[in-house]
Structures are given as C-alpha cells and as structure tokens.
Amino acid sequence: MSRRLFEEIVTRTGLAPMIGPGTVQRALHAVGVSSPEHAQTHDYLRALPELRARMAIYLEPAAVEQRLRQIEAHLKHGSSG
C-alpha cells in the first residue's frame, strides 16, 4: 500500500516525472520518514507544508494550493493508511 500511496501522491502533485518522486520523498524526509515505503497517511499529512514549499518552486501558487487540496482530500477520504 505504501508504494501505491506514494505514487498516487506524486501523480497528484502535477510535477514532471523526473521531479515529482524526489520532491515528495524530500518532503517526507523533512518530517522524519526515511523511505516512502514506510510512509503512512499521517506522514503525508505532516509533510504537506514541506511539500507546499517544494511544489512552489515549480508551480504557480494557485496550482500549488489546488493540488494540495486534492492531495489532502485524497489522504483524508480516499485512502486507509
């Protein structure tokens, strides 16, 4: 489940395939998760501020906020990790 959740979050960031996985992984690492395979839903929720800052490098502010809302909704309602 954790790898699938990681891939779902990466997809929802809207970042390019060369950028998205590393961006999400670094956001998780910043909140103490050493590997995406160990990340649970609550870890992604804690990492949202880190992810916001990293996504803002690549996306317009409105796109960042829209995508983060989608990610948060998915984490709260669409997964069971």
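The paragraphs below set out a description of the structure included in this document.

1. Remarks on the overall build of the chain
Part 1 of the reasoning: Along its length, the chain carries four helices and zero strands.
Part 2 of the reasoning: The linear arrangement of helices and strands in the chain, starting from the amino end, is α-α-α-α.
Part 3 of the reasoning: For the chain, the C-alpha radius of gyration of 11 Å lies close to 12 Å, the compact-globule estimate for 81 residues.
Part 4 of the reasoning: C-alpha atoms of the chain, sized along the principal axes, occupy 30 × 25 × 20 Å.
Part 5 of the reasoning: Sorting the 81 residues of the chain into buried and exposed places 40% on the buried side.
Part 6 of the reasoning: Just so you have it, the chain exposes about 4600 Å², and 54% of that area is on carbon and sulfur atoms.

2. Quick word on the nonpolar core
Part 1 of the reasoning: One finds Ile-9, Val-24, Leu-28, Tyr-44 and Leu-51 to be the most contacted residues of the largest nonpolar core, which totals 21 residues.
Part 2 of the reasoning: The element contributing the most residues to this core is helix α3 (residues 41–55), with five residues.

3. Regarding the environment of Gly-20
Part 1 of the reasoning: Relative to the assigned elements, Gly-20 resides in helix α2 (residues 20–30).
Part 2 of the reasoning: Beyond its immediate stretch of four places on either side in the chain, Gly-20 contacts Val-10, Thr-13 and Leu-15.

4. Brief notes about the environment of Gly-32
Part 1 of the reasoning: Relative to the elements of secondary structure, Gly-32 occurs in the loop between α2 and α3.
Part 2 of the reasoning: Look at Gly-32 and you get exposed, because its relative accessible area is 65%.
Part 3 of the reasoning: Along the sequence, Gly-32 and Arg-46 sit 14 residues apart, while their C-alpha atoms lie 9.9 Å from each other.

5. Focus on the packing of helix α1 (residues 2–13) against α2
Axis angle and axis distance: for two packed helices, these are the angle between their axes and the distance between the axes, and together they describe the pair.
Part 1 of the reasoning: In the contact formed by α1 and α2, the axes pass within 9 Å of each other and the chain directions differ by 115°. In terms of axis orientation, α1 runs roughly perpendicular to α2. Considering the relative orientation of α1 and α2, their crossing is right-handed. Mapping the contact onto sequence places Phe-6, Ile-9, Val-10 and Thr-13 in α1 and Gly-20, Pro-21, Val-24, Gln-25 and Leu-28 in α2.

6. Notes on the pattern of salt bridges
Note on pairing: side chains with opposite charge can pair once their charged atoms come close.
Part 1 of the reasoning: For the structure on display, the rule yields six salt bridges.
Part 2 of the reasoning: Put simply, Arg-3 and Glu-37 hold a salt bridge, and the shortest N to O gap is 2.3 Å. Of the two residues, Arg-3 is situated in helix α1 and Glu-37 in the loop between α2 and α3; the sequence distance between them amounts to 34 residues.
Part 3 of the reasoning: You can call Arg-3 partly exposed: its relative accessible area is 37%.

7. Description of helix α4 (residues 61–78)
Part 1 of the reasoning: With 18 residues, α4 should cover 26 Å at 1.5 Å per step; its first-to-last C-alpha distance of 24 Å lies within 8% of that length.
Part 2 of the reasoning: The set of residues buried in α4 consists of Val-64, Leu-68, Ile-71, His-74 and Leu-75. All buried residues of α4 lie within an arc of 120° about the axis, which places them on one face of the element. What points out from α4, more than 90 degrees from its buried face, is the exposed set Ala-62, Arg-69, Lys-76 and His-77.

Rules and cut-offs
Each chain has its residues counted from 1, following the order in which its sequence is written. Reporting in this predicted model follows two pLDDT cut-offs: at least 70 for local features of residues, and 80 or more for side-chain atom pairs to be given and counted; totals over whole chains, interfaces and linings ignore these cut-offs and use all residues. Note that the side-chain values use all heavy atoms of the structure and ignore hydrogens as well as water. Secondary structure elements are defined from DSSP: runs of H or I of at least 4 residues count as helices, runs of E of at least 2 residues count as strands, and each element is numbered from the N terminus. Both definitions apply: the radius of gyration is a C-alpha atom measure, and the globule rule equals 2.2 Å times residues to the power 0.38. Accessible area is worked out with a 1.4 Å probe on protein chains only. A residue is then buried under 20% of its type maximum, exposed over 50%, and partly exposed in between. To measure how exposed things are, a 1.4 Å probe is used in the Shrake-Rupley method; for residues, cover is taken only from the protein chains shown. What is meant by a nonpolar core is a set of buried Ala, Val, Leu, Ile, Met, Phe, Trp, Tyr and Cys residues, joined one to another through side-chain atoms within 4.5 Å. Contact definition: two residues touch when any of their heavy atoms are within 4.5 Å. Each axis is a line fitted through C-alpha atoms, taken for helices only over the stretch in contact, and angles between the N-to-C directions span 0 to 180 degrees. An angle below 35 degrees is treated as roughly parallel, one above 145 as roughly antiparallel, one from 65 to 115 as roughly perpendicular, and anything else as oblique. Rotating anticlockwise by less than a right angle from the far helix to the near helix defines a left-handed crossing, while the corresponding clockwise rotation defines a right-handed one. Salt bridges are defined by distance alone: a side-chain nitrogen of Lys or Arg within 4 Å of a carboxyl oxygen of Asp or Glu. What a helix should span is 1.5 Å times the count of its residues minus one. As used here, the arc is the angular range of directions from the helix axis to the C-beta atoms.

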